[in-house]
Amino acid sequence: MGKKQCVAMLLAGGKGSRLYSLTKSLAKPAIPFGGKYRIIDFTLSNCSNSGIETVGVLTQYQPLVLNSYIGIGSAWDLDRVNGGVTVLPPYSESSEVKWYTGTASAIYQNQNYLSQYDPEYVLILSGDHIYKMNYEEMLEYHINKQADASISVIQVGWEEASRFGIMNTNKDMDIIEFEEKPQHPKNNLASMGIYIFKWKVLKELLEEDNLNKNSSHDFGKDIIPLLIEQKKKVVAYPFKGYWKDVGTVQSLWEANMDLLDDNSELNISDYNWRIYTVNPNHPPQYISSDAHVRESMVNEGCIISGDLEKSIVFQGVTVGKGTIIRSSVIMPDAKIGNDVYIEKAIVPSDITIPDGMVIKPEKDLDEVVLVTEEMVNEMIS
Amino acid sequence: MKRSMLGIIDATTHLEDLEELTAHRTLAALPIGGRYRLIDFVLSNMVNSGIGSVAIFPKYQYRSLMDHLGSGKNWDLDRKRDGLFFFPASISDSNTNGIGSFNHFAANIDYFHRSKQEYALVANCFTVFNMNFNPVLERHLASGCDITEVTNNGNSLEVYLIKKSKLINLIDSRDATGYTCMKDVVLDINNQLKICEYEYNGYAEKIDSISSYYRVSKDILKSNVWNQLFIKERPIFTKVKDEPPTRYTSTGEVKNSMIANGCFIEGDINNSIISRAVKVGKGSSLKNCIIMQKCTIGENCQLDSVILDKDVIVESGTVMIGTANSPFVVRKGTVQGALMNS
């Protein structure tokens with residue numbers, strides 16, 4: 001394999017337990033998003049558009065759909081002769097499978113993969129977030145600052161700062177302190193979980209961390225503090241733009257609704273930064289004479305005979321006559337019957353919603369409804 | 001042993017009646033159905049019928065056809081063995097009046113000799129249909145025919161099934177027999193061959209004029225036609241484009257229309273087919289239109305029975321009215337202004 005300047009390692013093994021039934025048989029990065037995509041499409045497209053063509057994707061939880069979805073990476077232009085995308089599941093060495101116990105151990109266990117390319121820099125990413133970013137620019141910043149590690153940070157609202165890993169920096173953007181979910185944050189620069197390391201430096205740290213039995217082998221909790229402790233040059237790379245963690249039902253719904261907001265900073269229609277995805281084969285959408293579509297996004301293969309308002313409708317969805325869908329996300333191949341009412345809900349893939357069903361948030365709670373098979377069965381019986 | 005077919009698509013057809021739409025591109029590459037090109041139907045049918053070796057024989061203006069097909073990957077024909085072949089004709093070849101020019105085949109006879117398949121399905125490029133060709137092969141074998149011609153409502157669909165060795169004979173003996181193409185053979189009552197017909201009674205329409213293009217496009221909006229053309233188990237494949245889902249705004253109503261991805265709709269659309277990346281401005285009204293990819297229609301425009309080729313810009317306030325029998329056709333890449341009348 002040829003030497004590469006920078007290899008990306010995409011952590012896609014997470015369970016996403018706060019997405020409940022959506023992640024029962026599906027890893028979080030494979031969750032449908034934005035009418036056409038899966039969450040991981042954003043990170044993979046960012047790699048491809050940034051010119052980073054060698055990407056290791058570390059899967060673990062319920063990897064079947066994700067692994068076959070990624071395939072050899074053709075959809076993101078990552079099917080290359082030298083490099084390209086490689087799926088890296090946990091494997092057994094001599095006697096037993098060594099599961100990834102933490103984000104850092106996952107990288108540690110895949111040193112052989114990285115050694116093939118003998119990179120100068122390693123870019124650590126997660127497949128959990130919705131954002132567009134040019135990693136090449138971050139790499140240039142890292143190189144110019146002659147840093148050992150760069151951490152991408154974004155300004156968050158002060159009232160939210162306690163939910164994030166907060167970076168305290170000096171005026172040169174050197175990180176002098178790192179606080180995980182601080183009660184009284186000193187700063188509002190939150191870590192985005194995007195790191196660039198000099199591979200040599202990272203390798204040593206991972207070895208050291210591996211020997212530490214008390215470590216949780218996590219980048220944020222263990223590796224970064226170690227870096228700071230050892231007085232390595234760690235800098236913060238300020239990111240401006242849309243960035244959203246879609247780890248809860250509420251945030252997943254909000255991020256989808258953001259796409260319908262004219263003022264949103266997330267532009268998926270930018271031909272200079274396309275978001276690639278695996279394209280299923282469908283004819284164009286058909287909007288019938290009985291339909292009424294307003295302020296919504298609809299994908300191919302849909303047959304719409306009802307009312308859509310402020311909603312995101314994925315491929316292959318059918319919506320029956322007399323049905324009203326408001327402020328909802330309808331995932332791929334869902335079949336919505338006639339005279340159904342759906343408001344502020346996420347309807348999962350492949351589900352059939354029977355005629356006349358009403359789905360809306362409980363009064364006084366106003367929480368997004370995550371529709372499940374159980375709900376449907378209850379209604380039928 | 002399973003009998004095998006190879007697919008031949010004659011993409012040489014060039015018709016004066018479609019001049020405005022085929023000035024820049026060969027008929028096989030004519031955009032249709034919002035996201036397809038005309039050849040996608042017969043090509044997908046072949047692939048869905050298990051045919052793994054398909055040779056395309058184009059002649060005129062085939063650049064966009066070549067660009068569309070690429071290596072054949074989107075039709076699952078990017079193979080190590082067999083796959084998609086592309087055999088352009090030399091311009092000096094005279095036109096034949098039927099599908100399957102023997103001169104054209106002769107110039108590429110190696111493909112026939114090297115192919116391991118026993119039977120050849122020779123088809124035109126301009127029929128809109130979704131058909132499984134395996135029953136045709138079964139009938140052909142059972143009846144012992146030399147050539148099976150597929151018909152629809154009694155008319156020839158210009159799709160022929162013939163044993164490959166027999167086809168090679170016909171190609172080699174063309175000077176002696178005077179047959180220039182498959183149609184010549186079938187029409188000659190003295191042809192010494194057993195010609196049978198296979199009647200396909202599903203939807204199958206040829207595009208050979210602006211009016212048939214317009215009529216067939218409107219047909220696709222009908223659910224009984226749609227259900228015959230877009231079948232989950234036998235999808236129509238086409239080149240993949242990474243367009244975001246279509247965005248509908250608070251203005252504009254869309255009724256009885258087929259809309260491809262990447263569009264931004266602010267106006268009213270009725271009984272129309274809109275291809276990808278089309279923008280329709282506020283206050284505009286489109287009725288009975290076929291709008292090809294990347295057109296931009298400004299605000300307060302009125303279009304009725306109009307066909308816009310790719311990349312057309314319609315300035316705000318423009319009115320264009322055609323009729324069902326004679327739709328108003330606008331050439332690729334032009335700008336239509338409110339004050340222009342052509």
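Preceding this section is the structure that the text describes.
This is a predicted model, so every value here is computed, not measured.

Trainee: Sorry, what's going on with the overall build of chain B here?
Mentor: Counting its regular elements, chain B contains 11 helices and 27 strands. Expected size for 342 residues packed as a compact globule is a radius of gyration near 20 Å; at 21 Å, chain B falls within 12% of this value. In terms of overall dimensions, chain B has C-alpha extents of about 65 × 40 × 40 Å along its principal axes. Counting only residues that meet the buried cut, chain B has 59% of its 342 residues in that class.

Trainee: What am I meant to see in the nonpolar core here?
Mentor: Nonpolar side chains in soluble globular proteins generally cluster together in the buried interior. Among the nonpolar cores identified, the biggest contains 111 residues, and Ile107(A), Ile124(A), Phe197(A) and Ile346(A) are the most heavily contacted of them. Apart from residues no more than four positions distant in its own chain, Ile346(A) is found in contact with Leu22(A), Val249(A), Leu252(A), Trp253(A), Val329(A), Met331(A), Val368(A), Val369(A), Leu370(A) and Val371(A). Residues Ala11(B), Leu43(B), Ile109(B) and Leu229(B) belong to the second largest nonpolar core, which totals 89 residues.

Trainee: Which parts of the structure should I look at to understand the side chain of Ser257(B)?
Mentor: In this fold, Ser257(B) is placed in strand S14 (residues 257–259). For Ser257(B), a relative accessible area of 0% puts it in the buried group. At 2.9 Å, the side chain of Ser257(B) forms a polar contact with the backbone oxygen of Lys255(B). Setting aside residues up to four positions removed in sequence, Ser257(B) forms contacts with Gln285(A), Tyr286(A), Ile287(A), Leu221(B), Ile269(B), Asn270(B), Asn271(B) and Ser272(B).

Trainee: Hey, could you run me through the packing of aromatic side chains in this one?
Mentor: To describe a pair of aromatic rings, one takes the distance between the centres and the angle between the planes. One pass over the structure, following the stated rule, counts 26 aromatic pairs over all chains. Measuring from ring centre to ring centre gives 5.5 Å for Tyr286(A) and Trp226(B), while their planes differ by 55 degrees; the resulting arrangement is tilted. On the criterion of chain membership, the pair formed by Tyr286(A) in strand S14 (residues 285–287) and Trp226(B) in helix H11 (residues 223–229) is interchain, its members lying in two chains. The burial state of Tyr286(A) is the same as that of Trp226(B); both residues are buried. With a centroid separation of 6.1 Å and an interplanar angle of 20 degrees, the aromatic rings of Phe85(B) and Phe87(B) are classed as stacked. What makes Phe87(B) buried here is its relative accessible area of 15%. Taken together, the ring pairs connect Phe57(B), Phe85(B), Phe87(B), Phe102(B), Phe105(B), Tyr111(B) and Phe112(B) into an aromatic cluster. For the cation-ring pair, Arg38(A) lies above Tyr69(A), with the distance from its terminal atom to the ring centre recorded as 4.8 Å.

Trainee: Where do I start with the environment of Asn130(B) in this structure?
Mentor: All names here are of chain B. Summarising the element assignment, Asn130 is placed in the loop between strand S7 (127–129) and helix H6 (134–143). For Asn130, a relative accessible area of 2% translates into the label buried. For the pair Asn130 and Ile56, spaced 74 residues apart in sequence, the C-alpha to C-alpha distance is 19 Å. If sequence neighbours within four positions are ignored, Asn130 has contacts with Asn45, Tyr200, Gln228, Leu229, Ile231, Arg234 and Ile236. Within the structure, Asn130 has its side chain in polar contact with the backbone oxygen of Leu229 (distance 2.8 Å). Separated by 2.9 Å, the side chain of Asn130 and the backbone oxygen of Arg234 make a polar contact.

Trainee: Help me out: how do you make sense of the state of the cysteines in this one?
Mentor: Where two cysteines share a covalent bond between their sulfur atoms, that bond is called a disulfide. All names here are of chain B. For the coordinates displayed, the defined rule picks out 1 disulfide over all chains. Through a disulfide, Cys145 is tied to Cys196; the S-S separation comes to 1.6 Å. Residues Cys145 and Cys196 share a disulfide whose torsion about the S-S bond is about -75 degrees; that sign makes it left-handed. Pair noted here: Cys145 is in the loop between H6 and strand S8 (147–152) and Cys196 is in strand S10 (residues 195–199), with a separation of 51 residues, a long-range link. Take Cys145 and Cys196: they sit in the same class, and that class is buried. In this model Cys125 remains outside any disulfide bridge; the closest cysteine sulfur is found in Cys181, 14 Å from its own. Of all cysteine sulfurs, the one in Cys295 lies closest to Cys263, which takes part in no disulfide; the gap is 9.8 Å.

Trainee: Looking at this model, I keep getting lost on the interface of chain B and chain A. Mind explaining?
Mentor: In many reports, interface size means the accessible area that the parts give up when they come together. If you look at the interface, chain B gives 34 residues, while chain A gives 36 residues. Each partner contributes to the roughly 2900 Å² buried at the junction of chain B and chain A, and carbon and sulfur atoms together form 46% of this total. Along the contact surface separating chain B from chain A lie 3 salt bridges. In this structure, the salt-bridge partner of Asp262(A) is Arg247(B), at a minimum N-O distance of 2.9 Å. Across the contact surface, chain B and chain A share 22 residue pairs in polar contact (both at pLDDT 80 or more). Within the residue set of the side of chain B that touches chain A, elements represented by two or more residues are strand S12 (246–248), strand S13 (254–255) and S14 of chain B. Of the residues belonging to the side of chain B that touches chain A, the class tally is 16 nonpolar, 10 polar and 8 charged. Pairing geometry for strand S16 (residues 296–298) of chain A and S12(B), over 3 bridges, is antiparallel.

Trainee: Can you walk me through the pairing of strand S9 (residues 155–163) of chain B in this structure?
Mentor: A regular strand carries its side chains on alternate faces of the sheet. Residue and element names in this part refer to chain B. When strand S6 (residues 119–124) meets S9, the two strands line up antiparallel, connected through 5 bridges. Within S9, the position partnered with Ala123 by the bridge is Val159. What sits between S8 and S9 in their antiparallel hairpin is a turn of 2 residues, with Asn153 showing a positive phi close to 55 degrees.

Trainee: I'm lost on unusual backbone geometry in this one. Help?
Mentor: Glycine aside, residues mostly have negative phi angles, and peptide bonds mostly take the trans form. The backbone phi angle of Lys344(A) is positive, close to 45 degrees, even though this residue is not glycine. Residue placement: Lys344(A) occurs in the loop between strand S24 (341–343) and strand S25 (345–347). Taking the relative accessible area as the measure of exposure, Lys344(A) reaches 12% and is therefore buried. Located in the positive-phi region is Asp82(B), a residue other than glycine, with phi close to 60 degrees. Within the element layout of this structure, Asp82(B) appears in the loop between helix H3 (63–69) and strand S5 (83–86).

Trainee: Whenever I open this one, the sheet that holds strand S1 (residues 5–11) of chain B confuses me. Can you help?
Mentor: Think of a sheet as strands paired side by side through backbone hydrogen bonds, with each pair either parallel or antiparallel. All names here are of chain B. In spatial order, the strands read S5-S4-S1-S6-S9-S8-S10; together these 7 strands make up an open sheet with mixed pairing. Taken across any chain shown, the strands that pair with only one partner, and hence form the sheet edges, are S5 and S10. Taking the axes of each pair of neighbouring strands and ignoring which way they run, one obtains an average angle of 25 degrees across the sheet. Two strands pair when backbone bridges link them, and S1 and S6 are joined in this way by 6 bridges, in the parallel orientation. In the strand pairing of S6, Gly7 is matched with Leu121. In the packing of helix H2 (residues 39–48) onto the sheet, contacts are made with S1, strand S4 (53–58), S5 and S6, and the angle to S1 comes to roughly 175 degrees.

How each quantity is defined
- Residues numbered from 1 in each chain as written.
- Chains lettered and ligands numbered in written order.
- Predicted model: local features only at pLDDT ≥ 70, side-chain atom pairs only at ≥ 80, totals over all residues.
- Heavy atoms only, no water.
- Helix = DSSP H or I, 4+ residues; strand = E, 2+ residues; numbered from the N terminus.
- Rg over C-alpha atoms; globule rule 2.2 N^0.38 Å.
- Buried < 20%, exposed > 50% of the residue type's maximum accessible area, 1.4 Å probe, protein only.
- Core = buried A, V, L, I, M, F, W, Y, C linked by side-chain atoms within 4.5 Å.
- Contact = heavy atoms within 4.5 Å.
- Polar contact = N/O pair within 3.5 Å; in protein donor to acceptor, adjacent residues only side chain to side chain.
- Phe/Tyr/Trp six-rings, centres within 6.5 Å; stacked < 30°, edge-to-face > 60°.
- Lys NZ or Arg CZ within 6 Å of the ring centre and 35° of its normal.
- Disulfide = S-S within 2.5 Å.
- Buried area = accessible area lost by both parts, 1.4 Å probe.
- Salt bridge = Lys/Arg side-chain N within 4 Å of Asp/Glu carboxyl O.
- Nonpolar A, V, L, I, M, F, W, Y, C, P; charged D, E, K, R; others polar.
- Pairing = 2+ DSSP bridges.
- Axes fitted to C-alpha atoms, helices over the stretch in contact; angles between N-to-C directions.

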